[in-house]
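# Remarks on the overall topology
In case you want the letters, here they are:
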Amino acid sequence: MYKYNLRVNGEYLIENAALPKNATVTGTDMVRAGGGSSLEIVCAAKGPVTLTAGKEVSIRVLHGRDGENFAALPVSATVTIQSGNTNFNDGDIIARLTLPYDCLPLIKANLATTDTAAAGNFDLFLAYLPR
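Counting of residues starts from 1 at the beginning of each chain's written sequence and follows it residue by residue. Side-chain atom pairs in this predicted model are given and counted only at pLDDT of 80 or more, local residue features only at pLDDT of at least 70, and totals for whole chains, interfaces and linings cover all residues. By convention in this description, side-chain values take in all heavy atoms of the structure and omit both hydrogens and water.

## With respect to the nonpolar core
As a rule of thumb, nonpolar side chains are buried together in soluble globular proteins. Rules: By convention a nonpolar core is built from buried Ala, Val, Leu, Ile, Met, Phe, Trp, Tyr and Cys residues, the set being connected through side-chain atoms within 4.5 Å. Remark: exposure states derive from per-residue accessible area (1.4 Å probe, protein chains only) relative to the maximum for the residue type, with buried under 20%, exposed over 50%, and partly exposed in between. Only DSSP runs of H or I reaching four residues or more are called helices, and only runs of E reaching two or more are called strands; each is numbered from the N terminus.
Residues Ile 41, Leu 51, Leu 99, Ile 107 and Leu 124 are the most contacted members of the largest nonpolar core, which totals 31 residues. Examining the composition of this core, we find that 5 residues originate from one element, strand S4 (residues 39-50), more than from any other. Membership of the second largest hydrophobic core comes to 5 residues, among which are Tyr 12, Val 42, Ala 44 and Phe 125.

## Describing the environment of Arg 32
How we decide: By definition, residues are in contact when any of their heavy atoms lie within 4.5 Å.
Within the secondary structure, Arg 32 is located in strand S3 (residues 31-32). Taking relative accessible area as the criterion, Arg 32 reaches 60% and is therefore assigned exposed. With 66 residues separating them along the chain, Arg 32 and Thr 98 place their C-alpha atoms 15 Å apart. In this structure, Arg 32 is in contact with Pro 105, Leu 106 and Leu 126, ignoring residues within four places of it in sequence.

## Brief notes about the environment of Ser 38
Among the secondary structure elements, Ser 38 is positioned in the loop between S3 and S4. Overall, the relative accessible area of 31% leaves Ser 38 in the partly exposed class. For the pair Ser 38 and Pro 100, spaced 62 residues apart in sequence, the C-alpha separation works out to 8.5 Å.

## A word on the environment of Ser 83
Its location among the elements puts Ser 83 in the loop between strand S6 (71-80) and strand S7 (87-88). Ser 83 sits in the exposed class, given a relative accessible area of 62%. Taking the C-alpha atoms as reference points, Ser 83 and Ala 53, 30 residues apart in sequence, are found 4.8 Å from one another.

## Description of the pattern of salt bridges
What counts, and what does not: In what follows, salt bridge is the name for a side-chain nitrogen of Lys or Arg lying within 4 Å of a carboxyl oxygen of Asp or Glu.
For the coordinates displayed, the defined rule picks out 2 salt bridges. Where Glu 40 meets Arg 96, a salt bridge forms, and the shortest distance between an N and an O atom there is 2.4 Å. Here Glu 40, found in strand S4, pairs with Arg 96, found in strand S8 (residues 93-98); they are 56 residues apart in sequence, far enough to count as distant. Look at Arg 96 and you get partly exposed, because its relative accessible area is 39%. The closest approach of N and O atoms between Asp 123 and Lys 46, which form a salt bridge, is 3.9 Å. One end of the pair, Asp 123, is in strand S10 (residues 119-128); the other, Lys 46, is in strand S4, and 77 residues separate them in sequence. Residue Asp 123 is classed as buried on the basis of its relative accessible area, which comes to 6%.

## Quick look at the side chain of Thr 113
Position of Thr 113 relative to the elements: it lies in strand S9 (residues 106-113). Aside from chain neighbours lying at most four places away, what touches Thr 113 is Leu 19, Pro 20, Lys 21, Asn 22, Ala 23, Glu 56, Val 57 and Ala 118.

## So, the pairing of S9
Rule in force here: By this definition, two strands are paired if DSSP reports at least two bridges between them.
With 8 of its 8 residues buried, S9 lies for the most part within the structure. Here S9 shows no split at all, with Leu 106, Lys 108, Asn 110 and Ala 112 on one side and Ile 107, Ala 109, Leu 111 and Thr 113 on the other all buried. As paired strands, strand S2 (residues 24-26) and S9 are joined by 3 bridges and run antiparallel to one another. For Thr 24, the partnering residue across the bridge sits in S9 and is Ala 112. Sheet topology note: the strand S5 (residues 56-64)/S9 ladder contains 8 bridges and is antiparallel. The partner of Gly 64 across the bridge, within S9, is Leu 106.

Following this line, the structure appears as structure tokens:
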């Protein structure tokens, strides 16, 4: 169970999108995630990805009840890319964020980088945490 992502097949917050270059991309898809704390959002490389050492990748989450109105959750994950870890292969994990227990049932997410030379595509999806 460890070292694997237990997830719903074909369910993405953002699928096969280009990494933003010193910008933010917000997913148009939403998923049902009520329950929080047993779920995490995973950013994985979709094919080869290159990021610059010292730059950051951030995941932010929006949550709501009705699918129309979303508010930012007060949690986020920011990863600083370390030298020697700038190249990612298909499926490699770039960043993770565990959802808080009190998130509302529907979530959307966005991904941001501070890297003007970010190259490659990524997926953002929910994974279940092993307990």
